[in-house]
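What follows is the residue order along each chain.
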Amino acid sequence: MASAKFKESSTGGSATVVVGVSSGGMDALTRLVAQLPESFPAPVFVVQHMSADTTGDALVNAMNKHGKLTCTHARDGERFVGGRIYLAPSDHHLMIGKGKMLVTKGARENRSRPAIDPLFRSAAVAYGNRVIGVLLTGYLDDGTAGLTAIKRSGGTCVVQDPKDAAYPDMPQNALNRMKVDYCLPLAEMGTLLSKLVRRKFGKRKPVPKDIAIEAKIAERVLSDLHSVEALGEQVPFNCPGCGGVLWRVEKDKSLRFRCHTGHAFTAPVLLAEQTAKIEETLWVALRMFEERRNLLLNMQTSHGGSSYRSASERARESEVHIKRIRALLKSDNKATDDDVSEQ
């Protein structure tokens, strides 16, 4: 498929709207698009977290049913026009360049593909102060780094009021880490966007170098040690996606990490990934110790003398390890249950 390279556009032209949403997205997006008038002049690009085995057709159909603007799946290399909604396909990142869309199976960011940050960053690089970034309901904090890129490039940041969101984590994390331009309920967002896209835009400010580098890494034009080293210092953590070394992105006020192959993580997402890897490792260890114990017990019944005593002792040692691992797994499950009950 054809590639659309990122280029900084001229200061003229209309606004560009980018929307990021996760859990609770179907309801939030259909309510949002229902508020946009048929005369809405700007293109709207949407990233909804979805699993790789879904098509996204249900969401496209729902937005077409409830809204006045036509919604389609984004296509790689296709030119976009105002007054249309473009949804990122499942298992693909959506990014935008000058007048075209880039749809790619690049490295996951924050465990997601499509992810919100790549779209937001690409828009910030290409359209600067004409970008309006919108972050809606969802878990964890994908989109916060992207909103920060939009803000630093002169764009406008809009966040759903966490009290109004079905899942408040994403908008709340953005509010915790940056100063947004607008925080309001979903019911008021359509009117605001209609006003924002019709503003007059001033002169663009230069795109910060680190944002441009990350946009190129996501696009896969630039993905090597030199480029990621320019973003920050190496840290003693491994990338859960590929096992490579991670670098901390120093220009970001929040803790955020990247590897040179393109994977990116905020600190909460990295912690969640590490926790999942630890649990997986514990389950593998439990299985192996149980198999070892069972083999030793079989050896115990078929052999006598010193070999019987040795097998018996080692089986008891394995049982000790089995009990310890089970205790760790039960403790982890209890901690998870407690965390859920406190939310």
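Residues numbered from 1 in each chain as written. Predicted model: local features only at pLDDT ≥ 70, side-chain atom pairs only at ≥ 80, totals over all residues. Heavy atoms only, no water.

One pass over the structure, following the stated rule, counts zero disulfides. As a non-bridged cysteine, Cys259 has Cys239 as the owner of its nearest cysteine sulfur, 3.8 Å distant. (Disulfide = S-S within 2.5 Å.)

So, about the nonpolar core. One finds Phe45 and Leu147 to be the most contacted residues of the largest nonpolar core, which totals 34 residues. With eight residues, the single largest contributor to this core is helix H3 (residues 116–127). Look past the residues within four positions of Leu147 in its chain and what remains in contact with it is Phe120, Gly133, Leu135, Cys157, Val159, Ala174 and Met178. Within the second largest apolar cluster, 33 residues are counted, among which are Leu36, Met50, Leu184 and Val197. (Core = buried A, V, L, I, M, F, W, Y, C linked by side-chain atoms within 4.5 Å. Buried < 20%, exposed > 50% of the residue type's maximum accessible area, 1.4 Å probe, protein only. Helix = DSSP H or I, 4+ residues; strand = E, 2+ residues; numbered from the N terminus. Contact = heavy atoms within 4.5 Å.)

Right, let's talk about the pairing of strand E7 (residues 131–135) for a bit. Across the five residues of E7, five count as buried, placing the element largely inside the fold. The alternating pattern of E7 places Val131, Gly133 and Leu135 on one face and Ile132 and Val134 on the opposite face, and all of these are buried. Here strand E1 (residues 16–21) pairs with E7 via five bridges, running parallel. Residue pairing in the sheet places Gly20 in a bridge with Leu135 of E7. Looking at chain direction, E7 and strand E8 (residues 156–160) are connected through four bridges and run parallel. Bridge pairing in E8 places Ile132 opposite Thr156. For the crossover from E7 across helix H4 (residues 144–152) to E8, the handedness is right-handed. (Pairing = 2+ DSSP bridges. Right-handed = clockwise from strand over helix to strand, strands pointing away.)

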